[in-house]
Each structure stands twice: as C-alpha cells, then as structure tokens.
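Descriptive analysis of the structure
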Amino acid sequence: MNADRLFFLQYGAERVSKNLSLAGGRHHLYWEPLFGALVETREGWVLLDTGMSRSAHEDPVNSAAYAAGCAGAPNLDEQWHLYPEPPEGRYNWGNGENPLETALAEIGLVPGDITLAAVSHMHVDHSGGIPTLARAGATIAIQQAELDFVRSGAVGIAEGFYEPDWSEPGTRWRMLDGDEELAPGVHALATPGHTPGHQSFRVELPESGTWVMAGDAADLAQNFLDHVHCGSYAGGTDADEADARASFQKLLAVSRETSAHLIPGHDQVVLNAVHHPKGGHR
Ligand SMILES: [Zn+2]
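Residues numbered from 1 in each chain as written. Predicted model: local features only at pLDDT ≥ 70, side-chain atom pairs only at ≥ 80, totals over all residues. Heavy atoms only, no water.

1. What to know about the overall build of the protein
A count of helical and extended segments in the protein gives ten helices and twelve strands. Over its C-alpha atoms the protein spans a radius of gyration of 17 Å, differing by no more than 12% from the 19 Å that the globule rule assigns to 282 residues. Dimensions of the protein, computed from the C-alpha atoms along their principal axes, are close to 50 × 40 × 40 Å. Buried residues in the protein amount to 58% of all 282 residues. Summarising the internal contacts of the protein: among those between residues at least 6 apart in sequence, 71% fall at separations of at least 24. (Helix = DSSP H or I, 4+ residues; strand = E, 2+ residues; numbered from the N terminus. Rg over C-alpha atoms; globule rule 2.2 N^0.38 Å. Buried < 20%, exposed > 50% of the residue type's maximum accessible area, 1.4 Å probe, protein only. Contact = heavy atoms within 4.5 Å.)

Encoded structure:
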C-alpha cells in the first residue's frame, strides 16, 4: 500500500555545533533546518515531525542552552550563506507566530486537517507542534519508550526537552513499540540512541518509491558520507551510543534494500534539494 504524495515543510532553523550531529565531530556551528514531512494518505494527512513552538523559541532557558552550546566555536561570527536566511542575533529561528501553522498554510492546510502526527523524538525542535495539533484533534504517535523517558522527569528544557509539548490536556497519544505501520504507506522505524525512543520514518510513494526520513539518528549528509552515527545521546550511557550506532546501520540497510531517497534530519543542502515540486512528490 502506498501513500499518495509528500511535501517537506521548513518550520525554522537552529544554530548548533556539528559535534552534536556527528560522533567525534568538530565544534563548528551550522544553521540546521527544522523541518517535517507532510504525507497525504488514503486515511488523511499525516505529519512527521512538528518543529519548535513559539513559546519554546522565546524561552530564555532554551535560548541560553543554545547559546551555551555555540560558545567558543571558531566560526561564531560567520554569516550563513544558504537560503532561507535566519534573522541575525538568534540561535534558533521559527517562521511566523506559529511555525507549524505558517508551514501548513504554504500547502493550504490548517492544523485541523492533520489526522495523525508522529514525532521522531521529544527534543524541543521536533515536538513543538504537538499542543497545536492535539487541540485541533490530531492523534499523536510516539514510541512508548520516548514518552516514558520524558515523563520520568530526568530531563527538562536545559537538556532540550520542553514539558508543555507533552502536557497538553486531552492529547490523544498513539503509543508505538518498535517498527509499525502508521497509515497506508507510512511506517515508523525504531532508531533509538539519540534519545531512548527515537524513531525514523519510511514513506512509500507510487512514482518516486521509498523515502526514509532519518530524523536525528543521522542529522547530516556527512553522517552517511563519513559513515558516522549521531554525536549526542540523551540517555547518556554507553548503551545509548551503541543503540545509536545500530540504528544508523539499520537506516543504511533499509535504504539499500529499498533504494530509498535517504533524507538526513537537519541538512539544509539536502532539504533545499528535495523541497517538493508543486503538488508534492508523487
Ligand atoms: Zn533535532
């Protein structure tokens, strides 16, 4: 069973050190895009990842954490050279008052049009649209291990996890346990390591074939070029890093088997290259 079509939505960007994205990477800053994949299926619109909320963009503890992560980088003063160009003087940037609504409006949709939203993980740059979508009636799919992790209280905004994103009253959760079909042609791929319940996604389309969205299991094209897994593990143990390494191998294996369009989670060059044609990828 295939999905019908696919759009990529850019919600904003964040300035982070390359060493978060690449195990053993240099402390060198990139603007990395915040984006999601919007898939039309026979059962309605499915949104994969939701960006950062306006309130998190403006949260001083969150901003301080981003600034601290950038401190001391040799290229701190360098200008960004790709499009879109984020405003100066910020470490994270969201497009419009509500970045999720801004991005959906570009396709002519509103949050109430989304049937199901799945988040790769609960980091603030992926989960920010959950409250808006939950209020609009969408079901939110997440790995059970991820929700258990954030609800344990072990992490907060200083670590990049923003509690309002998982605390909206009335949120209808769909709990996942490993690989699962989310909707016709849309599949979750469990890829833990970056966070305990991280997941990637596989989308099957009738003309362009298989697409794999790595999420933060592999942020950059350079992860695949250099054969290097992600550089940060929210769980903080050696086992988490081992999981991240195994998840990276899983993404490569699935992508080889299916000749997939393999899309890293935070690469502006790749995102610009696959930005959907008019009417979406089919
Ligand atoms: Zn991320």
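2. Structural notes on the coordination of the zinc ion
Surrounding the zinc ion are the protein donor atoms Asp 125 (OD), His 126 (NE2), Asp 216 (OD) and His 266 (NE2), which sit 2.0 to 2.3 Å from the metal. Around the zinc ion, the four donor atoms are arranged such that angles at the metal cover 94 to 150 degrees; this shape is classified as irregular. Overall, the relative accessible area of 7% leaves Asp 125 in the buried class. (Donors = N, O, S within 2.8 Å, 3.2 Å for Na, K, Ca; no water. Tetrahedral: all angles 85-135°; square planar, octahedral: opposite > 155°, others 65-115°.)

3. Observations regarding the state of the cysteines
By the definition in use, this model includes zero disulfides. Note on Cys 70: no disulfide assigned, nearest cysteine sulfur contributed by Cys 230 at a separation of 18 Å. Taking the relative accessible area as the measure of exposure, Cys 230 reaches 1% and is therefore buried. (Disulfide = S-S within 2.5 Å.)

4. What about the sheet that holds strand E8 (residues 180-183)?
The strand order E8-E9-E10-E11-E12 describes an open sheet built from five strands, whose pairing is mixed. The sheet is open, and its two borders are formed by E8 and strand E12 (261-264), each paired with just one other strand. For this sheet, the mean inter-axis angle between neighbouring strands, taken without regard to orientation, is 25 degrees. By the bridge criterion, three bridges tie E8 to strand E9 (residues 186-190) in an arrangement that is antiparallel. Bridge pairing links Glu 181 to His 187 in E9. (Pairing = 2+ DSSP bridges. Axes fitted to C-alpha atoms, helices over the stretch in contact; angles between N-to-C directions.)

5. Section: the pattern of salt bridges
What the rule picks out here adds up to eight salt bridges. Across the salt bridge formed by Arg 5 and Glu 40, the nearest N and O atoms sit 2.6 Å from each other. Linking Arg 5 in strand E1 (residues 5-17) with Glu 40 in strand E2 (residues 29-41), this pair joins segments that are 35 residues apart in sequence. Two residues, Arg 174 and Glu 180, come together in a salt bridge whose shortest N-O distance is 3.4 Å. Judged by its relative accessible area of 28%, Glu 180 falls in the partly exposed class. (Salt bridge = Lys/Arg side-chain N within 4 Å of Asp/Glu carboxyl O.)

6. Things to note about unusual backbone geometry
Going from Tyr 83 to Pro 84, the amide bond is cis rather than trans, its omega being -10 degrees. Relative to the assigned elements, Pro 84 resides in the loop between helix H3 (60-70) and strand E4 (92-94). Phi is positive for His 227, close to 60 degrees, though the residue is something other than glycine. Here His 227 falls in the partly exposed class, since its relative accessible area comes to 46%.

7. Overview of the sheet that holds E4
Here we have seven strands laid out as an open sheet, ordered E4-E1-E2-E3-E5-E6-E7, and mixed in their pairing. Taken across any chain shown, the strands that pair with only one partner, and hence form the sheet edges, are E4 and strand E7 (172-176). Mean inter-strand twist for the sheet, computed between neighbouring axes without regard to direction, equals 25 degrees. Taken together, the three bridges between strand E5 (residues 114-118) and strand E6 (residues 139-143) define a ladder with parallel strand orientation. Bridging from a neighbouring strand, Ala 117 pairs with Ile 140 of E6.

8. A closer look at the packing of aromatic side chains
For the coordinates displayed, the defined rule picks out five aromatic pairs. Ring centres of Phe 8 and Phe 35 lie 6.1 Å apart, and the angle between their planes is 70 degrees; on these two criteria the pair is classed as edge-to-face. Here Phe 8 is found in strand E1, whereas its partner Phe 35 is found in strand E2, with 27 residues between them in sequence. Plain terms: the ring middles of Phe 149 and Phe 161 are 5.7 Å apart, the flat faces sit at 75 degrees to each other, and that makes the pair edge-to-face. Of this pair, Phe 149 sits in helix H7 (residues 144-151) while Phe 161 sits in the loop between H7 and E7, and the two are twelve residues apart along the sequence. Its relative accessible area of 13% is what places Phe 149 among the buried residues. (Phe/Tyr/Trp six-rings, centres within 6.5 Å; stacked < 30°, edge-to-face > 60°.)

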